[in-house]
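# Structural overview
So you can see what is in the structure, the chains are spelled out below.
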Amino acid sequence: MDDDEDLFASDVDEDKEKNANPEDKKHALRRDLRTMVYGFGDDKEPSDKTLDVLEAIVLNYIKELCQLAMKVGKPDKMALEDIHYLIRRDSKKFSRVKDLLSMSEELKKARKQFDEVKPIL
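For the structure given in this document, a descriptive report is provided here. Remember, predicted model here, so these are calculated numbers, not experimental data. (Residues numbered from 1 in each chain as written. Predicted model: local features only at pLDDT ≥ 70, side-chain atom pairs only at ≥ 80, totals over all residues. Heavy atoms only, no water.)

## Overview of the pattern of salt bridges
Short version of the rule: Salt bridges are identified by distance alone: a Lys or Arg side-chain nitrogen within 4 Å of an Asp or Glu carboxyl oxygen. Three labels apply to residues, based on accessible area from a 1.4 Å probe with only protein chains included: buried if under 20% of the type maximum, exposed if over 50%, partly exposed otherwise in between. Numbering of helices and strands starts at the N terminus; helices are DSSP runs of H or I of at least 4 residues and strands are runs of E of at least 2.
What the rule picks out here adds up to six salt bridges. Among the ionic pairs, aspartate 32 bridges to arginine 31, the shortest N-O distance being 3.5 Å. You can call aspartate 32 partly exposed: its relative accessible area is 38%. The partner of glutamate 105 in a salt bridge is lysine 108, and the shortest N-O contact between them spans 3.9 Å. Residue glutamate 105 and its partner lysine 108 are located together in helix α7 (residues 91-116), separated by three residues, close to a single helical turn. Look at lysine 108 and you get partly exposed, because its relative accessible area is 48%. Salt bridges sharing common partners tie together Arg30, Asp48 and Asp52.

If you want it as structure tokens, here you go:
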């Protein structure tokens with residue numbers, strides 16, 4: 001049970017990552033990729049070469065998508081609508097982005113409501 005808690009613990013790890021040096025930021029996706037690979041049935045500690053390849057693929061995809069988005073909308077500016085436009089024909093990606101954005105909005109509203117509640121003294 002402790003291993004699972006460590007694997008999915010994010011708050012402590014994120015605090016450590018904020019204070020990490022630039023060399024550690026080179027592998028910013030490594031923890032998330034390790035968790036995803038494990039979730040898809042690989043070893044709990046996948047090979048470093050596997051993580052390197054996956055990280056390179058993901059970063060290359062993000063880089064290419066951002067470069068295309070910069071060309072689609074206003075010159076040298078990227079907007080969320082540009083990303084939507086680029087992935088509009090991939091129904092899985094489009095629906096996932098839509099779901100994540102709606103969940104994000106719901107979380108923002110919930111946090112705002114939670115912050116607005118005055119503590120009873």
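Don't stop here, the text continues.
## Describing the packing of aromatic side chains
Here is the rule we go by: Between the rings of Phe, Tyr and Trp (Trp by its six-membered ring), a pair exists once the centres lie within 6.5 Å; its type follows the angle of the planes, with under 30 degrees stacked, over 60 edge-to-face, and the other angles tilted. We count a charge as sitting over a ring when the NZ of a lysine or the CZ of an arginine lies within 6 Å of the ring centre and within 35 degrees of the ring normal.
Counted by the stated rule, this structure contains zero aromatic pairs. Seen from the ring of tyrosine 85, arginine 88 lies directly overhead, with NZ or CZ sitting 3.9 Å from the centre.

## Remarks on the layout of surface pockets
To keep it simple, the criterion reads: With a 1 Å grid spanning the protein atoms alone, the term cavity applies to any set of points in which a 1.4 Å probe fits but cannot get out, the term pocket to an open set with protein on both sides within 12 Å along at least five of seven lines, and the term lining residue to any residue with an atom within 4 Å of a point. Grid points are joined across faces, edges and corners, and a volume is the space filled by probe spheres set on the points.
For the second largest pocket, the calculated volume is near 210 Å³. Lining the second largest pocket, in full, are Tyr61, Ile62, Leu65, Cys66, Ile83, Ile87, Lys93, Arg96, Val97, Leu100 and Leu101. Counting residues per element, the ones that place at least two in the lining of the second largest pocket are α5 (48-72), α6 (80-87) and α7. Among the elements that make up the lining of the second largest pocket, the one with the highest residue count is α7 (five residues).

## Some details on a nonpolar patch on the surface
Basically, it comes down to this: What goes into a patch is any residue over 30% in relative accessible area without a salt bridge, connected to like charges within 9 Å or, for nonpolar side chains (Val, Leu, Ile, Met, Phe, Trp, Tyr), within 5 Å. Reported accessibility uses the Shrake-Rupley method at a 1.4 Å probe radius. Residues are deemed covered only where the shown protein chains occlude them.
Together, Leu59, Tyr61 and Ile62 make up a nonpolar patch on the protein surface, roughly 260 Å² of accessible area in all. Mapped onto the elements of the fold, isoleucine 62 is located in helix α5.

## Section: the packing of helix α4 (residues 30-39) against α5
Selection criterion: Simply put, an axis is a line fit to the C-alpha atoms, just over the touching stretch for a helix, and the angle between two N-to-C directions goes from 0 to 180 degrees. Put simply, angles under 35 degrees are roughly parallel, angles over 145 are roughly antiparallel, angles from 65 to 115 are roughly perpendicular, and the rest are oblique. In what follows, residue pairs with any heavy atoms lying within 4.5 Å of each other are defined as contacts.
The N-to-C vectors of α4 and α5 enclose an angle of 110 degrees; their axes lie 10 Å apart at closest approach. Here α4 lies roughly perpendicular to α5, going by the angle between them. For the pair α4 and α5, contact is made by Arg30, Leu33, Arg34 and Val37 and by Asp48, Leu51, Asp52, Leu54, Glu55 and Val58, respectively.

Functional significance is not addressed by these values, which are geometric in nature.
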